[in-house]
2 protein chains.
Amino acid sequence: MAIKAAVVGYGNIGRFAVEAVAAAADMELVGIVRRKGSNNVGDIPVVTSIEELGEVDVALVCVPSRLVPTQVRKLLALGINTVDSFDIHGEIRRLRSELGPIARRHDAVAVIAAGWDPGADSVIRSILQFMAPGGITYTNFGPGMSMGHTVAVKAIAGVKDAVSLTIPLGTGVHRRMVYVELEDGADFDEVKGAIQQDPYFIHDETHVFPVDDVRQLVDMGHGVVIERKGVAGKTHNQLFRWEMRITNPALTAQIMVAAARAAMRQESGCYTLIELPPVDFLPGEREEWIEALV
Amino acid sequence: MAIKAAVVGYGNIGRFAVEAVAAAADMELVGIVRRKGSNNVGDIPVVTSIEELGEVDVALVCVPSRLVPTQVRKLLALGINTVDSFDIHGEIRRLRSELGPIARRHDAVAVIAAGWDPGADSVIRSILQFMAPGGITYTNFGPGMSMGHTVAVKAIAGVKDAVSLTIPLGTGVHRRMVYVELEDGADFDEVKGAIQQDPYFIHDETHVFPVDDVRQLVDMGHGVVIERKGVAGKTHNQLFRWEMRITNPALTAQIMVAAARAAMRQESGCYTLIELPPVDFLPGEREEWIEALV
């Protein structure tokens, strides 16, 4: 029996989620839920309310992070399992505490923060922590576009469009490369100063450049390097490095699909990725993965 | 309440396991079990039978892989949880099937193949598999000593002592660098030919060198690079790389200690690392690790 999945939200990640569900042999895409209904996508029904889709096992919640909690609460109350890529690191613990009782009350499972960071990178940081309990882990993001920083720049007066790239300098220090298209009559030096004083940028080395057309700079490729040098038992100088060069929304969507599969295998409750067995994210029989991967 | 751990076997890994348990604030080392009793190690009792140690929550089984199944069966029958670093890849699935019912019958937990490969690397391969379901994962070992290959060389006539180094050439292809100390009167070319025809070496590029003193070449440092280039959803060219440069027995022992902690948190049964939540390997409170690592 295929897992009946719905995609909630049809922005950047939602579009890739539709592809990732279609590519998963053990899943069936029953429909897409959007705020404003519209034409079907190929032969996939598009609706404004998930209840129009009939039976749904799991919803991939692809709305912006700040809208995730409301959406997930509603879906769990319907007894539908959820997966999201909520990415506000400082609020994940609180969100988990809030959603856990709701999920258990409705016999449902919520897997939260199931993107690549937070998400897969969190699993890597956990493994590094138990392999070398003494030491420091550095997460170095980029090179790639930062959505949060880009939105912050777009909010500044005089900015018509913008893109902010994150460049890793090592040991968790980042450079910000900001490309702005100015509104008519805006003063570049004023805009540049406002960006460099913005809370998103004030602590980082930030370079600002005027460009004619921001869209020509957009590339959804992103990267991360996680490094740890630490102590295993009493033995120092254990070196670890995890590196990815990936297409941001494609990987997020793929991890959400894997987490949706894992959601179907848990007892009711709310989970982050570090609380779930890695094998549960894989389709098919556990014993065969043990044979192939262990 | 500290977890009461015993170390069974006091060879190379056993010695590092004693250090790793001592470094774990949530564990208490109640004793070491050896075939032949001997003097205590510092103030740690050394016994020939684990029953002499009183209450033991979990045993770190640090005997050679071929002796692991017998030891683990005996310990599980006493209701003692076990962790081992059994490393014969082709036999792990069968061992798990055999030990699971024994563990459940005695309300105990066995975590098997809990080293770095199989073990932590198996978890990495699982994560790569669900992040990019289409593609190929290559595990490249080295540079470092291969115990299995070294033992194979030592069994060849005319070899007094030897060490075999594994050199990664990429895409899972390895070169073998073999250093041999000859018995008096042995012919180097004959020994070299016998090594190159041995099943352990016949499929790999193998170089053999005579040396005066093999012990001067021994360095327990080892490395691994796991690479995958694959497809997330329908998006190609997703690139992943995991690299470690570690002290072989120290990392094995540290992972066994973390797995011993995880064993205390599972329902009775037999598990490989890919079947356990990463957070269960970490000491203390789950919520604090979610805050720190997710």
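Here the residue numbering is sequential within each chain, running from 1 through the sequence in written order. Lettering for chains starts from A, numbering for ligands starts from 1, and both go in the order in which the items are written. Reporting in this predicted model follows two pLDDT cut-offs: at least 70 for local features of residues, and 80 or more for side-chain atom pairs to be given and counted; totals over whole chains, interfaces and linings ignore these cut-offs and use all residues. In computing side-chain properties, one takes all heavy atoms of the structure into account and sets aside hydrogens as well as water.

**Quick notes on the relation of the copies chain B and chain A**
Only residues with pLDDT of at least 70 in both copies contribute their C-alpha atoms to the least-squares superposition of the copies. Overlaying chain B with chain A gives an RMSD of 0.0 Å, the required rotation being 180 degrees about an axis along which the chain moves by 0.0 Å. Look at the turn and shift together and you get a two-fold axis relating the two. Between two residues, a contact is recorded if the distance between any of their heavy atoms is within 4.5 Å. A share of 98% of interface residues in chain B that are also interface residues in chain A marks the association as one of identical surfaces.

**Regarding the interface of chain B and chain A**
Taken together, the contact pairs 64 residues of chain B with 63 residues of chain A. By buried area we mean how much accessible surface two parts lose on assembly, using a 1.4 Å probe and totalling the loss over both. In this assembly, chain B packs against chain A so that about 5700 Å² is buried in total across both faces, 65% of it on carbon and sulfur atoms. The three residues of chain B that bury the most area against chain A are Arg93, Phe130 and Val294 of chain B, which together make up 14% of that side's buried surface. A pairing counts as a salt bridge when a side-chain nitrogen of Lys or Arg comes within 4 Å of a carboxyl oxygen of Asp or Glu. At the boundary of chain B and chain A, one finds eight salt bridges.

**Quick word on the sheet that holds strand β8 (residues 144-145) of chain A**
All names here are of chain A. Strand order in the open sheet formed by four strands is β8-β9-β10-β11, with mixed pairing between adjacent strands. Each of the sheet's edge strands pairs with one partner strand only, and the pair in question is β8 and β11 (205-210). If DSSP finds at least two bridges between two strands, the strands pair. Secondary structure is summarised from DSSP: a helix means a run of H or I of at least four residues, a strand means a run of E of at least two, and numbering begins at the N terminus for each. Here six bridges tie strand β10 (residues 173-182) to β11, and the two strands are oriented parallel to one another. Among the inter-strand pairings, arginine 175 is bridged to a residue of β11, identified as glutamate 205. Axis geometry follows a simple rule: fit a line to the C-alpha atoms, using only the stretch in contact for helices, then measure angles between N-to-C directions, giving values from 0 to 180 degrees. The strands touched by helix α6 (residues 188-197) within the sheet are β9 (159-170), β10 and β11, with β11 carrying the most contacts at an inclination of about 155 degrees.

**Some words on the pattern of salt bridges**
Per the stated rule, a full pass over the model turns up 38 salt bridges over all chains. Among the ionic pairs, glutamate 243 of chain B bridges to arginine 245 of chain B, the shortest N-O distance being 2.9 Å. Taken together, the shared-partner salt bridges in this structure form one network comprising Arg93, Arg96 and Glu275 of chain A together with Asp280, Arg286, Glu287 and Glu291 of chain B.

**Some details on the nonpolar core**
Ranked by size, the top nonpolar core spans 172 residues in total, and within it Ile50, Met131 and Trp242 of chain A together with Ile50, Met131 and Trp242 of chain B carry the most contacts. For this core, the element with the most residues is helix α7 (residues 248-263) of chain A, which contributes eleven residues. Non-local contacts of methionine 131 of chain B, meaning those with residues more than four positions away in its chain, are made with Ala120, Trp242, Met244, Leu251, Gln254 and Ile255 of chain A together with Ala232 and Phe240 of chain B. We call a set of buried Ala, Val, Leu, Ile, Met, Phe, Trp, Tyr and Cys residues a nonpolar core when their side-chain atoms join them within 4.5 Å. Each residue's exposure class comes from its accessible area (1.4 Å probe, protein chains only) as a fraction of the maximum for that residue type: buried when under 20%, exposed when over 50%, partly exposed otherwise.

**Describing the layout of surface pockets**
All names here are of chain A. Points on a 1 Å grid, built from protein atoms alone, make a cavity when a 1.4 Å probe fits but cannot get out and make a pocket when they are open with protein on both sides within 12 Å along at least 5 of 7 lines; residues with an atom within 4 Å of a point are the lining residues. Grid points are joined across faces, edges and corners, and a volume is the space filled by probe spheres set on the points. Approximately 1400 Å³ is the volume found for the second largest pocket. Along its surface, the second largest pocket is lined by 42 residues, and Ser65, Asp87, Ser146, Met147 and Gly148 are the ones closest to its centre. Breaking the lining of the second largest pocket down by element, the ones donating at least two residues are α1 (12-23), α5 (147-154), β9 and α7. A total of seven residues in the lining of the second largest pocket trace back to one element, the largest contributor, which is α5. Note on residue categories: nonpolar means Ala, Val, Leu, Ile, Met, Phe, Trp, Tyr, Cys or Pro, charged means Asp, Glu, Lys or Arg, and polar means any other residue, Gly included. A breakdown of the residues in the lining of the second largest pocket according to their chemical character gives 21 nonpolar, 15 polar and six charged. Domain segmentation is taken from an automatic or database assignment of domains. When residues are assigned to domains, the lining of the second largest pocket turns out to be shared by domain 1 (3-119 + 248-293) and domain 2 (134-232), each giving three or more.

**So, the domain arrangement of chain A**
Residue and element names in this part refer to chain A. When cut into domains, chain A gives domain 1 (3-119 + 248-293) and domain 2 (134-232). Look at where the C-alpha atoms of domain 1 and domain 2 centre, and you get two points 29 Å apart. At the junction of the two partners, domain 1 supplies five residues and domain 2 supplies seven residues. For the pairing of domain 1 and domain 2, the buried interface totals around 480 Å² over both sides, and the portion due to carbon and sulfur atoms is 66%. When residues of domain 1 are sorted by the area they lose upon contact with domain 2, Trp116, Asp117 and Asn248 head the list and together hold 77% of the total. Across the domain 1-domain 2 interface, the total number found is zero salt bridges. Residues of the side of domain 1 that touches domain 2, tallied by class, amount to two nonpolar, two polar and one charged.

**Regarding empty space enclosed by the protein**
It is the rolling of a water-molecule-sized probe over the atoms that shows where space remains empty. Evaluation of the coordinates by the stated rule reveals two cavities of 30 Å³ or more. Taken as a whole, the largest cavity spans an internal volume of roughly 50 Å³. In terms of lining residues, the largest cavity is bounded by Ala120, Val123, Leu273, Leu276, Pro278 and Phe281 of chain A together with Ile127, Phe130 and Pro278 of chain B. Of all the secondary-structure elements, those providing two or more residues to the lining of the largest cavity are α4 (120-131) of chain A together with α4 (120-131) of chain B. For the lining of the largest cavity, the per-class residue count stands at nine nonpolar, no polar and no charged. For the second largest cavity, the full set of lining residues is Ile127, Phe130 and Pro278 of chain A together with Val123, Leu273, Leu276, Pro278 and Phe281 of chain B. Residues that form the lining of the second largest cavity fall into these classes: eight nonpolar, no polar and no charged.

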